[in-house]
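Next come the chains, spelled out residue by residue.
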Amino acid sequence: MTAPAAAPVLRRSAEELADTARRVREHVVDMCAGPEGGHLGGAFSSAEILTALYFAVLNTDPADPADPDRDRFVLSKGHAAVGLYAVLAERGYLPTAELADYGRPGTRLMGHPVRAVPGVEMPTGSLGHGLALACGFALGQRLDGRAARSFVLMGDGELQEGSVWESAIAAASLRLDNLVAVIDRNGLQLTGPTDGKAPMAQLAERWRSFGWAVRETDGHDPAALVEHLGSAPWEPGRPSLLICHTVKGRGVPFLEGRPAAHYVTFSARNHARARAALRAAARAAATAGEDTVTAGRPA
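Computed from a prediction, not measured in an experiment: that's the story for all the values here.

From N to C terminus, the chain includes 10 helices and seven strands. A compact globule built from 299 residues should have a C-alpha radius of gyration of about 19 Å, and the chain, at 19 Å, falls within 12% of that. Counting only C-alpha atoms, the chain reaches 55 × 50 × 40 Å along its principal axes. Among the 299 residues that make up the chain, the fraction classed as buried is 51%. Here the analysis covers contacts within the chain between residues at least 6 apart in sequence; of these, 74% occur between residues at least 24 apart. Roughly 12600 Å² of accessible area belongs to the chain as shown, and the carbon and sulfur atoms make up 53% of that amount. Measuring between centres, the 31 positive side-chain charges of the chain sit 3 Å from its 33 negative side-chain charges.

This is the structure we're talking about:
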């Protein structure tokens, strides 16, 4: 495979994708107010990434989730399952009302994704395994003669796992240019800043040295995400890696950029505070959009 048959159709504008990402965050906040709480920080930092993938990049159909020609997606950072569930619900893979069951006895919406959930390709959660799984999907697609692509979302703390780099070598050696990896580079993990645990200076150069085509972007910019992810593969014969610079807990000021955002069980008060912050952000975005339209009108 050297390129997809045609560029993916942008089914939503950048503004609509941003609106969807805000709804995704609202769902996540509600799930994190349940009895089990949830991994809010990484779900929020990847909200635009997941939204761009499912609404503008991936060739998938909620009405036919087993289509053999579909693109595959693996959430390697499986602890961000609440974000994936919210996106799948918004996309139509499951009812949004089902999100209220998250973490409760008998639910299929567990703390990490399982295949019982429509749209989930593989169960994940043991960090470092997702890239290998995505390599397998990509190789299988090539052997079957299909033009589909395989996508995987990893966390930056996850890069401390040696299996990631073994998979990176294998993908480049196999020239899997139908493989697209994304790193959610929010700079934090459960125990603090990632660079304080295992410094990742010159991260892009490291991946290039393994034989990957590498780009970097703002992971909260839907238009940029669609442009990069939709146009992969960027170089024939090379797997693609997009490093997305993000903020953990993005969207809730009292959690943004804090290790405490990693796992949250909201009290009623903080649930209301978080919802209010998201509503305020939505109003501000709407006002900014109106100002832009007004400024562009002819006199």
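Another point: the state of the cysteines. Across all of its chains, the model carries zero disulfides by this definition. The closest cysteine sulfur to the non-disulfide-bonded cysteine 244 is located on cysteine 135, 18 Å from its own sulfur.

The subject of this paragraph is the sheet that holds strand S2 (residues 150-155). Pairing is parallel across the open sheet formed by five strands, whose spatial order is S1-S2-S3-S7-S6. Looking at the sheet topology across the chains shown, the edges are occupied by strand S1 (72-75) and strand S6 (213-218). Ignoring which end each strand starts from, the neighbouring axes of this sheet average 20° apart. In the sheet, strand S3 (residues 179-185) pairs with strand S7 (residues 240-245) via six bridges, with the strands oriented parallel.

As a rule of thumb, nonpolar side chains are buried together in soluble globular proteins. Counting residues in hydrophobic clusters, the biggest one holds 57 residues, and the most contacted among them are Val28, Leu40, Leu53, Tyr54, Phe73 and Phe266. Looking at which element gives the most residues to this core, the answer is helix H3 (residues 47-57), with nine residues. When sequence neighbours within four positions are dropped, the list of residues in contact with leucine 40 reads Val28, Val29, Cys32, Gly249, Leu255, Ala261, His262, Val264 and Phe266. With 26 residues, the next largest nonpolar core counts Ala134, Ala138, Leu179 and Ala204 among its residues.

What follows covers the pattern of salt bridges. The full count for this structure, using the stated rule, is 12 salt bridges. Aspartate 19 is the partner of arginine 22 in a salt bridge, and the nearest nitrogen-oxygen pair spans 2.2 Å. Residue arginine 22 and its partner aspartate 19 are located together in helix H1 (residues 14-31), separated by three residues, close to a single helical turn. The residue glutamate 26 makes a salt bridge to arginine 275 at a minimum N-O spacing of 3.8 Å. Of the two residues, glutamate 26 sits in helix H1 while arginine 275 sits in helix H10 (residues 268-296), which places them 249 residues apart along the sequence. Look at glutamate 26 and you get partly exposed, because its relative accessible area is 22%. The class of arginine 275 is partly exposed, set by a relative accessible area of 24%.

With that settled, the discussion passes to unusual backbone geometry. In this model, alanine 232 is joined to proline 233 through a cis peptide bond whose omega is 5°. Examined against the element boundaries, proline 233 turns out to sit in the loop between helix H9 (222-231) and S7. For arginine 175, which is not glycine, the phi torsion reads 55° and is therefore positive. Mapped onto the secondary structure, arginine 175 falls in the loop between helix H6 (162-173) and S3. One non-glycine residue with positive phi stands out, namely glutamine 202, at about 55°. Examined against the element boundaries, glutamine 202 turns out to sit in the loop between helix H7 (194-197) and helix H8 (203-209). Classification of glutamine 202 by relative accessible area gives exposed; the value is 61%.

All right, on to the pairing of S2 then. Of all six residues making up S2, six are buried, and the element is well covered by its neighbours. Here S2 shows a buried face lined by Ser150, Val152 and Met154 and a second buried face lined by Phe151, Leu153 and Gly155. As defined by bridge partners, S1 adjoins S2 across four bridges and the pair is classed as parallel. Bridge assignment links valine 74 to a residue of S2, and that residue is valine 152. In terms of strand pairing, S2 meets S3 through six bridges, oriented parallel. Among the inter-strand pairings, methionine 154 is bridged to a residue of S3, identified as isoleucine 183. As for the winding sense of the linkage, the β-α-β connection from S2 through H6 to S3 is right-handed.

Let us now look at the side chain of histidine 39. Residue position: histidine 39 is located in the loop between H1 and helix H2 (40-45). A polar contact of 3.2 Å, which involves the side chain of histidine 39, links it to the backbone oxygen of histidine 79. Apart from the residues lying within four places of it in its own chain, the contact partners of histidine 39 are His79, Val82, His262 and Tyr263.

About the thresholds
Residues numbered from 1 in each chain as written. Predicted model: local features only at pLDDT ≥ 70, side-chain atom pairs only at ≥ 80, totals over all residues. Heavy atoms only, no water. Helix = DSSP H or I, 4+ residues; strand = E, 2+ residues; numbered from the N terminus. Rg over C-alpha atoms; globule rule 2.2 N^0.38 Å. Buried < 20%, exposed > 50% of the residue type's maximum accessible area, 1.4 Å probe, protein only. Contact = heavy atoms within 4.5 Å. Areas by Shrake-Rupley, 256 points an atom, 1.4 Å probe, with all protein chains shown as cover. Lys, Arg positive; Asp, Glu negative; His and termini not counted. Charge placed at Lys NZ, Arg CZ, Asp CG, Glu CD. Disulfide = S-S within 2.5 Å. Pairing = 2+ DSSP bridges. Axes fitted to C-alpha atoms, helices over the stretch in contact; angles between N-to-C directions. Core = buried A, V, L, I, M, F, W, Y, C linked by side-chain atoms within 4.5 Å. Salt bridge = Lys/Arg side-chain N within 4 Å of Asp/Glu carboxyl O. Right-handed = clockwise from strand over helix to strand, strands pointing away. Polar contact = N/O pair within 3.5 Å; in protein donor to acceptor, adjacent residues only side chain to side chain.

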